[in-house]
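Next come the chains, spelled out residue by residue.
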Amino acid sequence: MQNFIDAYSAINLRYLFEGLWITTEVSVVSIFFSFIIGTLMGVARYVNIKYFSAIIGFIIDLIRNLPLLLILFFTYFALPNIGVRLAVIPASIVAMTVFESAMLAEIIRSGINAVPVGQMEAARSNGLTYVQAMTVVILPQAFKAMIPALVSQFISLVKDTSLATIILLPELTYHAQIIYGQDVNYTIPMFVALAVLYFVFNYALSLISRVIDRRMSRTRA
Amino acid sequence: MFTILFDHASELFSGLGYTLGASLIALIGSLVLGTLFALMEIGQHKWVRVIGRAYVEVVRNIPLLVITMGFYVIVPMFIVQVDGFTAGTIGLTIYTSAFIAETIRSGIQSVSSGQMEGARSVGLTYYQAMFHIIFPQAIKIVIPPLGNQFINLVKNSSILAFVAGFDLMYQGKIIANSTFNTFDTYLAVGLLYLIVTMPLSYLMRFLEKKWKTA
Amino acid sequence: MQKWKKWLALAATMLVALALSGCGQNAASRDALAHAKQTDTLVWGVKADTRLFGLMNIKTGKIEGFDIDMAKALTKQVLGKKGKAQLVQVTSDTRVPMLKGGNVDAVIATMTITPEREKVLDFTDSYFNAGQSLLVAKGSKIKSVKDLTADTKVIGVQGSNSVDNIKKAAPQTTVLQLSDYAQAFTALKSHQGDALTTDNGILYGMSQQDSNYVVVGGMFTKEPYGIALNKGQTALQQALNKALKTLRANGTYEKLVNKWFGDIPGFDIKEVE
């Protein structure tokens, strides 16, 4: 018990929360960009433009089938060889965005697929252009249906930021490792803290999604 | 890239072997564990459901790295010796079991109970109904998500690199360090991952489509 | 549909342009010294997990150690009073790719000068003479490299030459490579291996941190530490060598060695200089 009291000293806690802040920062920025890029790629794959959609689709499949760790390594260590040099935080954001965009693109494409074809036809016959129909009619419905899948992907993203410890991103897991690396008695308290902090963060995310989901289904009814 | 692939073929393929081994063991383990917790989640007693639900929610919200490092670092300090490969495989199993539990729970709930009653009412025995009606449907529902979980496992097993688990990523890091040829090494490693995951993911997509229209 | 396609093509072009604009000139090939003088900043790759050499102080959030003090002193010598040393964390695993990629100008991180590394990097003169040794739990039956048999496991760190050395010195033993020293020491405490091997200076730092672990077996290799630079950075190499000489001559070097290693039992500071 004494170990826990010592381990959760103000200094250590502050250090942990500094790490949590970096985790949050990298997650939020990556979620923002990967949502935009993922939507664009998902739509691009869905609309079936000759060659273009096929190429986008292949890129999505390529990225989806590689380990995120490898993409992190590549962004940080291999890209400088061709002149793209990024500091550790931007590198992590780029790697997370690339990986999660591809994951989101698939979710979004299947979300659009699930919207009945009649919706598009009806919207077009009411005089909307294809782009208008897509942005006003199809995508909003698709997003509504996708909320649970999207949020669980966001949760994955938050968890995956921990992998960036391998390129020394000073996020939550790395800071915890530094603390227990300096005093073995803090090992268990640090793992407990990690589990609790990640759980609270992600569970809050999933609760928010449930609230949104419920509110939306109420307006639909 | 090809020089790396040929010069270090034995390390890379042994790494690929550990990667596939860990993924397969974890797939089987998490299938068992996942089914167990899925059954608990739809169980009769309230507290059984609560335990099942709690397990899934907790595991799903904690990073794989934290679970794996926990097994690698804490368990040997107090309980029993586990090496990196074992710790990594256990971590993968526990992490994946939560996702499989979700898949199976929704799979079971989506096969309506009317199917069984209908089959019984046209004169089939319980086992005939199970084998001819329920099983084929259940397999079609469960195979594609399980295949996707296996692809995830192959990718996620790169976590073994953190705990000296001799997997493909671990070997890749060592080769990159000894040859100083980072770019080509990671290209080669990426290629080996893709050789396994790409065909699988196309197969799963094909099965999904075929069984959905059938 | 036509409009839609155009819009999409535009978006795609912009994305590609954005991606390409990131690819400036190859940063690794520019003159690091000239760039450092322009910005008054020298970017150093340092360890943050190695007591005595470079360790994160959780209280202040700053990295402290012999390598850090050396980096700061050398920067002042090379760039003058205004010169700033910017510290970027590296591990044994990441320091070479970061140097090759130009993420850092120089690496001062317990890095041994070896012929293999000299093929791809340039080194300054040696600033510290370490030697490889073993760290074991108190009372361990392992007393030297000779006790490392097929039944023992030795922990090392990826990218350190100590893993290559131990494979030569004790070929039968299993070597487990972790990603940094903090992880390696944690693995030793978790009984993942019977001994941890690396340079004595680093090991003394670990045993100072946790007295249940002791350094055994003496030095079985010579490990002269140098400052590593990307290949072809001759101007910076010469400037740093000159600065090293000045620091040795004016007593700064000895002061720093004494500050970090002066009161460590079993450690002979005469050997390292």
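The residue numbers shown here count from 1 along each chain, following its written sequence. Throughout, the order in which chains and ligands are written sets their labels, letters from A for the former and numbers from 1 for the latter. In keeping with the model being predicted, local features are shown solely for residues with a pLDDT of at least 70 and side-chain atom pairs are shown and tallied solely at 80 or more, while totals for entire chains, interfaces and linings include all residues. Water and hydrogen atoms play no part in the side-chain values, which are based on all heavy atoms of the structure.

- As recorded by an unreviewed UniProt entry, chain C carries the name Glutamate ABC transporter substrate-binding protein and is attributed to Lacticaseibacillus mingshuiensis.
- Taken directly from UniProt, the Sequence similarities (unreviewed entry) text for chain C runs: "Belongs to the bacterial solute-binding protein 3 family." UniProt positions are given in the numbering used here, feature names are shortened, and annotations may be inferred rather than shown by experiment.

- Named according to an unreviewed UniProt entry, chain B is Amino acid ABC transporter permease originating from Lacticaseibacillus mingshuiensis.
- Note on chain B: under the UniProt heading Sequence similarities (unreviewed entry), the record states "Belongs to the binding-protein-dependent transport system permease family."
- According to UniProt, the comment filed for chain B under the heading Subcellular location (unreviewed entry) is "Cell membrane".

1. Topic: the overall build of chain C
Part 1 of the reasoning: Tallying secondary structure elements over chain C gives eleven helices and 15 strands in all.
Part 2 of the reasoning: Buried residues are those whose accessible area, probed at 1.4 Å on protein chains only, stays under 20% of the maximum for their type, while exposed residues exceed 50% and partly exposed ones sit between those limits. Residue burial in chain C is summarised as follows: out of 273 residues, 57% are buried.
Part 3 of the reasoning: Here a residue-residue contact requires only that any non-hydrogen atoms of the pair lie within 4.5 Å. Taking all contacts inside chain C whose residues are at least 6 apart in sequence as the whole, residues at least 24 apart take part in 71%.
Part 4 of the reasoning: Accessible areas in this description were obtained via Shrake-Rupley with a 1.4 Å probe; residue shielding takes into account the shown protein chains only. Approximately 11500 Å² of chain C is accessible, and the part contributed by carbon and sulfur atoms is 54%. Helix numbering and strand numbering both begin at the N terminus, where a helix is a DSSP run of H or I of at least 4 residues and a strand a DSSP run of E of at least 2.

2. As for the pattern of salt bridges
Part 1 of the reasoning: Think of a salt bridge as a Lys or Arg side-chain nitrogen and an Asp or Glu carboxyl oxygen that are within 4 Å of each other. Enumeration according to the criterion identifies 16 salt bridges over all chains in this entry.
Part 2 of the reasoning: For B:Arg205, the salt bridge goes to A:Glu106, with nearest N and O atoms at 3.6 Å. Residue B:Arg205 is located in helix H9 (residues 182-213), and its partner A:Glu106 is located in helix H5 (residues 88-114); the two belong to separate chains.
Part 3 of the reasoning: The partner of C:Lys259 in a salt bridge is C:Asp69, and the shortest N-O contact between them spans 2.8 Å. Residue C:Lys259 is found in helix H10 (residues 252-261), and its partner C:Asp69 is found in helix H3 (residues 66-79); the two are separated by 190 residues along the sequence.
Part 4 of the reasoning: Taking the relative accessible area as the measure of exposure, C:Asp69 reaches 16% and is therefore buried.

3. Things to note about the interface of chain B and chain A
Part 1 of the reasoning: Every contact between the two is made by 36 residues of chain B and, on the other side, 40 residues of chain A.
Part 2 of the reasoning: Carbon and sulfur atoms supply 72% of the area buried between chain B and chain A, which totals about 3300 Å² over both sides.
Part 3 of the reasoning: As a working definition, buried area equals the accessible area (1.4 Å probe) given up by two parts on being put together, with both sides summed. Interface area lost by chain B to chain A is led by B:Asn61, B:Lys155 and B:Phe183, which between them contribute 19%.
Part 4 of the reasoning: Taking the shortest distance from any N to any O, the salt bridge between A:Asp61 and B:Arg205 comes out at 3.1 Å.
Part 5 of the reasoning: Counted as a polar contact is a pair of N or O atoms within 3.5 Å, where, for protein atoms, one must be capable of donating a hydrogen and the other of accepting one, and residues adjacent in sequence contribute only when both atoms are in side chains. For the pair chain B and chain A, the interface holds nine residue pairs in polar contact (both at pLDDT 80 or more).
Part 6 of the reasoning: Those elements that place two or more of their residues in the side of chain B that touches chain A are helix H3 (46-60), helix H4 (64-78), helix H5 (84-110), helix H7 (126-156), helix H8 (168-179) and H9 of chain B.

4. Overview of the nonpolar core
Across soluble globular proteins, nonpolar side chains have a tendency to be buried as a group.
Part 1 of the reasoning: Take the buried residues of types Ala, Val, Leu, Ile, Met, Phe, Trp, Tyr and Cys, join any two whose side-chain atoms come within 4.5 Å, and each joined set is a nonpolar core. If you look at the biggest cluster of nonpolar residues, it comprises 208 residues, and the most contacted ones within it are C:Trp44, C:Phe66, C:Phe128 and C:Phe261.
Part 2 of the reasoning: The leading source of residues in this core is H5(A), at 13 residues.
Part 3 of the reasoning: In this view, C:Phe261 contacts C:Leu52, C:Phe53, C:Phe66, C:Phe128, C:Phe267 and C:Ile269; residues no more than four positions away in its chain are not counted.
Part 4 of the reasoning: Residues C:Leu148, C:Ile166, C:Ala170 and C:Val216 belong to the second largest nonpolar core, which totals twelve residues.

5. Notes on the UniProt feature "transmembrane region" (unreviewed entry) in chain B
Residue and element names in this part refer to chain B.
Part 1 of the reasoning: Per the UniProt record, "transmembrane region" (unreviewed entry) is found at residues 20-40, 61-79, 85-104, 124-143 and 186-204.
Part 2 of the reasoning: Helix makes up 100% of residues 20-40 and strand makes up 0%, while its end C-alpha atoms are separated by 30 Å.
Part 3 of the reasoning: Taken end to end, residues 61-79 is 79% helix and 0% strand, and its first and last C-alpha atoms sit 25 Å apart.

6. Here's the deal with unusual backbone geometry
Part 1 of the reasoning: Even without glycine at this site, A:Asn48 takes up a positive phi of about 60 degrees.
Part 2 of the reasoning: Note that A:Asn48 resides in the loop between helix H2 (10-47) and helix H3 (52-64).
Part 3 of the reasoning: For B:Ala164, which is not glycine, the phi torsion reads 50 degrees and is therefore positive.
Part 4 of the reasoning: In this fold, B:Ala164 is placed in the loop between H7 and H8.
Part 5 of the reasoning: Residue classification places B:Ala164 among the buried residues on the basis of a relative accessible area of 1%.

7. Observations regarding the sheet that holds strand S2 (residues 49-50) of chain C
Part 1 of the reasoning: When DSSP locates at least two bridges between a pair of strands, those strands are taken to pair. The sheet built from three strands is open, its strands ordered S2-S3-S4 (chain C) with antiparallel pairing. Each of the sheet's edge strands pairs with one partner strand only, and the pair in question is S2 and strand S4 (62-64) of chain C.

8. Here's the deal with the packing of aromatic side chains
Part 1 of the reasoning: To pair, rings of Phe, Tyr and Trp, with the six-membered ring standing in for Trp, must have centres within 6.5 Å; the planes then decide the type, stacked if under 30 degrees apart, edge-to-face if over 60, and tilted in the middle. Within the structure shown, the criterion is met by 26 aromatic pairs over all chains.
Part 2 of the reasoning: Their ring planes at 40 degrees and their centres at 5.3 Å tell us that A:Phe35 and A:Phe143 sit as a pair that is tilted. Of this pair, A:Phe35 sits in helix H2 while A:Phe143 sits in helix H7 (residues 130-160); the two residues are 108 residues apart in sequence, bridging distant segments of the chain.
Part 3 of the reasoning: For A:Phe35, a relative accessible area of 28% translates into the label partly exposed.
Part 4 of the reasoning: Site record: aromatic cluster; members linked through ring pairs are C:Phe53, C:Phe66, C:Tyr127, C:Phe128, C:Tyr225, C:Tyr253 and C:Phe261.
Part 5 of the reasoning: Think of it as a cone above the ring: NZ of Lys or CZ of Arg counts as a charge over the ring if it is within 6 Å of the ring centre and within 35 degrees of the ring normal. For the cation-ring pair, C:Lys189 lies above C:Phe185, with the distance from its terminal atom to the ring centre recorded as 4.1 Å.

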